[in-house]
Amino acid sequence: MATSGYQEDVESNDEKRDLNNDLTASVSTDTPESKALILKQDLRIIPLCAFIYLLCYLDRSNIGNAKVLNADTHHDLLSETHMTNGQYIIALMVFLVAYAIFEVPSNIMLKKMRPSRWIAFLMFSWGSLTVGLGGVGSFGSVTAVRFLLGVFEAGLFPGLVYYLTFWYRTEERSIRVALILASATLAGAFGGAIAYGVGHMNQVGGHSAWRWLFILEGIPSIVSAFAVWFFLPDYPETAKWLSPAEKDLAASRLQLEGSHGASRAMTWAQAKTTLTDLRLYAHYAIYFGISTPFSSLSLFTPTITAGLGYSGLQAQLMTVPPYAVAYVCTILVSYSADHFNARALHSALFATIGAIGFLVSAVLPPTAYSARYGCLIVAASGAFACIPPLLGWLSSNLFTTAAIGLAIAMNIGFGGAPGQIVGVFIYKADEKAKGYPTGHWVNAGLLLFVAVGCIGMTFYYRRLNQAIRKEGGVRFYKY
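Residues numbered from 1 in each chain as written. Predicted model: local features only at pLDDT ≥ 70, side-chain atom pairs only at ≥ 80, totals over all residues. Heavy atoms only, no water.

(A) How the structure looks around helix H5 (residues 85-113). Taking 1.5 Å per residue, 29 residues should reach 42 Å; H5 reaches 40 Å between its end C-alpha atoms and fits that length. When the local axis directions of H5 are compared, the greatest deviation, roughly 45°, occurs at Phe102, which is followed within four positions by the proline Pro105. Of the residues trailing H5, Arg114 is marked for its positive phi of about 90°. (Helix = DSSP H or I, 4+ residues; strand = E, 2+ residues; numbered from the N terminus. Expected span 1.5 Å × (residues − 1). Bend = angle between axes of the 7 residues up to and from the residue.)

Right, here's the structure in full:
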């Protein structure tokens with residue numbers, strides 16, 4: 001099954017072997033020319049992409065801060081929109097439903113319209129909607145705006161992962177996905193700090209602080225969309241800041257292991273091959289397992305910290321350390337995964353570490369606040385650190401531009417979005433006094449599932465590689 005897909009995706013073994021031999025010297029990342037090119041690309045691409053995702057994540061997760069911001073004076077989101085906790089959960093869920101539906105179409109549009117144009121359009125749209133959340137007054141309006149927010153934010157993360165495949169080889173992607181994804185942990189840290197500061201603006205201009213939070217965090221996305229339109233490079237082939245020699249080198253580096261801007265739009269035959277490749281669904285299932293902890297921590301960290309004995313604005317401030325530690329761990333783990341070419345092993349190890357953090361937190365007494373806060377830091381670090389290696393692992397085992405774009409979107413749409421929907425429900429409001437055991441147990445179980453899945457797929461890919469070697473193949477599955 002998988003080996004037939006492999007044969008369809010690449011040239012004949014003889015052609016591939018000749019090409020591989022011809023390119024070995026020129027595409028090595030150890031040459032001064034390659035190092036200079038990679039650095040030049042990094043400086044133009046990675047900071048901008050990380051900043052884009054930071055803004056996206058701020059605008060997505062600030063509803064968790066708005067829920068508890070100034071709740072002690074009843075100037076919070078739920079009190080002023082007369083929403084129940086159940087309705088709040090629905091408002092979170094509809095965002096994720098839209099997220100799941102629109103990820104695949106968005107990746108298709110990214111290739112058709114050029115990355116700079118499509119991503120700028122998405123940014124302007126979600127920024128405007130975030131500002132609009134500052135004016136909502138009912139459950140219906142919150143839910144409608146959150147659904148539309150999901151429509152336009154859906155395409156960003158899978159789009160950025162897909163975008164990197166146009167610029168970087170397999171062994172270069174995980175650390176760069178990590179640098180982008182880690183901006184989400186920075187956003188979590190900044191989000192808590194920003195919410196703490198904005199909390200002091202309560203009733204300024206007659207508006208509650210949670211309304212100012214949405215307005216002030218949405219405006220940067222709107223303004224930045226114009227910069228992205230003009231400054232985000234599309235493809236190496238069209239980058240004016242690359243010399244002809246650098247463009248040729250970029251093309252040769254990606255001949256075997258990258259997407260290509262000049263590739264044709266996806267055909268139905270290519271879509272069918274990707275949709276019927278059953279091994280990919282194992283990747284989607286693993287990503288489901290990591291998405292629930294990611295989602296629940298993103299949306300409920302302020303609530304969890306409030307359940308650890310902190311209240312009011314202090315609860316906002318105490319969300320900063322877990323995200324700050326997770327940021328460092330995510331970068332270090334992703335660098336190591338790329339350096340040792342062992343993405344599955346790193347994901348399995350840190351999923352297990354995250355599971356231990358959740359397990360210990362679940363069994364500790366609810367009043368063991370300091371210990372449970374330490375467990376939250378361990379759990380967040382382990383869960384967040386798994387994601388970039390998992391995404392790099394998937395993209396390294398796809399062999400056409402069309403397959404990469406579709407499979408990455410399906411991975412986040414079929415695996416990520418349903419997992420995030422589960423994450424919405426597991427931290428129950430009536431379990432605050434108990435320390436939210438249901439959420440911790442579910443997250444622990446899913447992270448252990450991720451670890452087992454990674455190990456199982458490692459053995460599966462090893463077996464496929466043995467078959468490819470016997471057939472004389474030169475490109476192998478990575479793990």
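(B) Here's a closer look at the nonpolar core. Counting 133 residues, the largest nonpolar core has Tyr53, Tyr88, Ile119, Phe157, Trp167 and Ile290 as its most contacted members. Element by element, the count of residues in this core is highest for helix H3 (residues 32-68), at 15 residues. Residues contacting Trp167, with those up to four places away along its chain left out, are Gln41, Ile45, Pro233, Asp234, Tyr235, Pro236, Ala239, Trp241, Leu242, Arg253 and Leu254. (Core = buried A, V, L, I, M, F, W, Y, C linked by side-chain atoms within 4.5 Å. Buried < 20%, exposed > 50% of the residue type's maximum accessible area, 1.4 Å probe, protein only. Contact = heavy atoms within 4.5 Å.)

(C) Structural detail: the packing of aromatic side chains. What the rule picks out here adds up to 20 aromatic pairs. For the pair Phe166 and Tyr235, a centre-to-centre distance of 5.0 Å together with 55° between the ring planes defines the contact as tilted. Of this pair, Phe166 sits in the loop between helix H8 (156-164) and helix H9 (170-198) while Tyr235 sits in the loop between helix H10 (209-231) and helix H11 (244-253), placing them 69 residues apart in sequence. Here Phe166 matches Tyr235 in class, with each residue buried. Connected via pairs of aromatic rings, a cluster forms that spans Tyr53, Tyr57, Phe157, Phe294, Tyr323 and Phe384. Here the guanidinium or amino end of Arg462 rests over the ring plane of Phe459, the centre of that ring lying 5.8 Å away. (Phe/Tyr/Trp six-rings, centres within 6.5 Å; stacked < 30°, edge-to-face > 60°. Lys NZ or Arg CZ within 6 Å of the ring centre and 35° of its normal.)

(D) Just the packing of H9 against H10, in detail. Orientation of H9 relative to H10, taken along the N-to-C sense of each, is 130°, at an axis distance of 9 Å. Judged on the interaxial angle alone, H10 and H9 are oblique. Note that H9 runs across H10; the crossing there is right-handed. In contact with Ile194, Ala195 and Val198 of H9, H10 contributes Ala209, Trp212, Leu213, Leu216 and Glu217. (Axes fitted to C-alpha atoms, helices over the stretch in contact; angles between N-to-C directions. Parallel < 35°, antiparallel > 145°, perpendicular 65-115°, else oblique. Left-handed = near helix turned anticlockwise from the far one by under 90°.)

These figures capture arrangement, not role.
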